[in-house]
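Below, each chain spelled out in residue letters.
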Amino acid sequence: VVAMPAVVRRAAAQTLFWRQAREANRQLFPEETLFRSPRTPDRPLRAAFRSRCHAPVYGLDLFRVLSQSRITFNRHSDMVAGDAGNIRLFEATGMGTCLVTERCRNLGDLFSDGTEVVTYASIPECVEKIRYLVDHPEERARIAQAGQIRTLRDHTPLNRARTVSDELQKLI
């Protein structure tokens, strides 16, 4: 039996959770035993929600899972020190899922909070926002679509290569 708050169980039923940093997840769900040992991950959410929480997937399988997700939860690792920029931001939004990610200093440079992605600053706020998105599918769909448009317009590999090239040209 998995012990987790009822609101998290309901939200998890429609949310795809990604585990990027063990410590970050311990902070997000401190009452859970997410990992039995550093080498053997325990996946209680997957056990409770077999059709909603997935084993790691890569490549085209990852994009299939994302395209079928209504909400994708993202948590940056501790290594980024408060800045946003992991690939999940762009994978999730690019595939048209509503992204819920922690508030970061530079996220406004990438996406508009509340319009293109949804951010949280605390665990209670995260749960509240996921609950809201589950209960308001039209708004969730609008945010997902706006995030996808932004990613496909501004955050493609070609755009990033041009930005790097422009910055290198300034140095030459």
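Here is what the cut-offs are and how they apply
Residues numbered from 1 in each chain as written. Predicted model: local features only at pLDDT ≥ 70, side-chain atom pairs only at ≥ 80, totals over all residues. Heavy atoms only, no water. Core = buried A, V, L, I, M, F, W, Y, C linked by side-chain atoms within 4.5 Å. Buried < 20%, exposed > 50% of the residue type's maximum accessible area, 1.4 Å probe, protein only. Helix = DSSP H or I, 4+ residues; strand = E, 2+ residues; numbered from the N terminus. Contact = heavy atoms within 4.5 Å. Phe/Tyr/Trp six-rings, centres within 6.5 Å; stacked < 30°, edge-to-face > 60°. Pairing = 2+ DSSP bridges. Axes fitted to C-alpha atoms, helices over the stretch in contact; angles between N-to-C directions. Parallel < 35°, antiparallel > 145°, perpendicular 65-115°, else oblique. Nonpolar A, V, L, I, M, F, W, Y, C, P; charged D, E, K, R; others polar. Polar contact = N/O pair within 3.5 Å; in protein donor to acceptor, adjacent residues only side chain to side chain. Expected span 1.5 Å × (residues − 1).

A. Structural view of the nonpolar core. Within the largest apolar cluster, 14 residues are counted, with the highest numbers of intra-cluster contacts made by Ala84, Leu89, Leu107, Leu110 and Phe111. Put simply, the parts of the chain that give this core at least two residues each are helix 4 (59-67), helix 5 (87-94) and helix 6 (107-110). The residues contacting Ala84, other than those within four sequence positions of it, are His76, Leu89, Cys104, Asn106, Leu107 and Leu110. Tyr120, Ile130, Val134 and Ile143 belong to the second-largest nonpolar core, a separate cluster that totals twelve residues.

B. Looking closely at the packing of aromatic side chains. Following the criterion strictly, the structure yields two aromatic pairs and no others. On the numbers, 5.9 Å between centres and 35° between planes, the contact of Phe90 with Phe111 is tilted. Of this pair, Phe90 sits in helix 5 while Phe111 sits in the loop between helix 6 and strand 4 (118-120), and the two are 21 residues apart along the sequence. The exposure classification of Phe90 matches that of Phe111, with both residues buried.

C. Representation of the pairing of strand 3 (residues 98-102). When you tally the buried positions in strand 3, you get five out of five residues, the bulk of the element. Side chains of strand 3 alternate between two faces, with Cys98, Val100 and Glu102 and Leu99 and Thr101 buried alike. Note: strand 3 against strand 4, three bridges, orientation parallel. Pairing of Val100 across the sheet is with Val118, part of strand 4.

D. Quick peek at the packing of helix 7 (residues 123-135) against helix 8 (residues 137-154). Orientation of helix 7 relative to helix 8, taken along the N-to-C sense of each, is 105°, at an axis distance of 5 Å. With respect to their mutual orientation, helix 7 and helix 8 come out roughly perpendicular. On helix 8, the residues that touch Tyr132, Leu133, Val134 and Asp135 of helix 7 are Pro137, Glu139, Arg140 and Ile143. For the contact of helix 7 with helix 8, the class distribution of residues is five nonpolar, no polar and three charged.

E. Quick look at the side chain of Thr97. If you trace the backbone, Thr97 turns up in the loop between helix 5 and strand 3. The exposure class assigned to Thr97 is buried, which follows from its relative accessible area of 1%. Looking at Thr97, its side chain comes within polar contact range of the main-chain oxygen of Ser69, at 3.0 Å. Within the structure, the side chain of Thr97 is placed 3.4 Å from the backbone oxygen of Arg70, a separation counted as a polar contact. Excluding residues within four positions of it along the chain, Thr97 makes contact with Leu66, Ser69, Arg70, Ile71, Thr72, Ala92 and Ala144.

F. Local environment of helix 7. Along its 13 residues, helix 7 runs 18 Å from first to last C-alpha, staying within 8% of the 18 Å computed at 1.5 Å per residue. Along helix 7, the residues classified as buried are Glu125, Cys126, Val127, Ile130, Leu133 and Val134. Measuring from the backbone nitrogen of Glu125 back to the side-chain oxygen at the start of helix 7 gives 3.2 Å, which picks out Ser122 as the cap.

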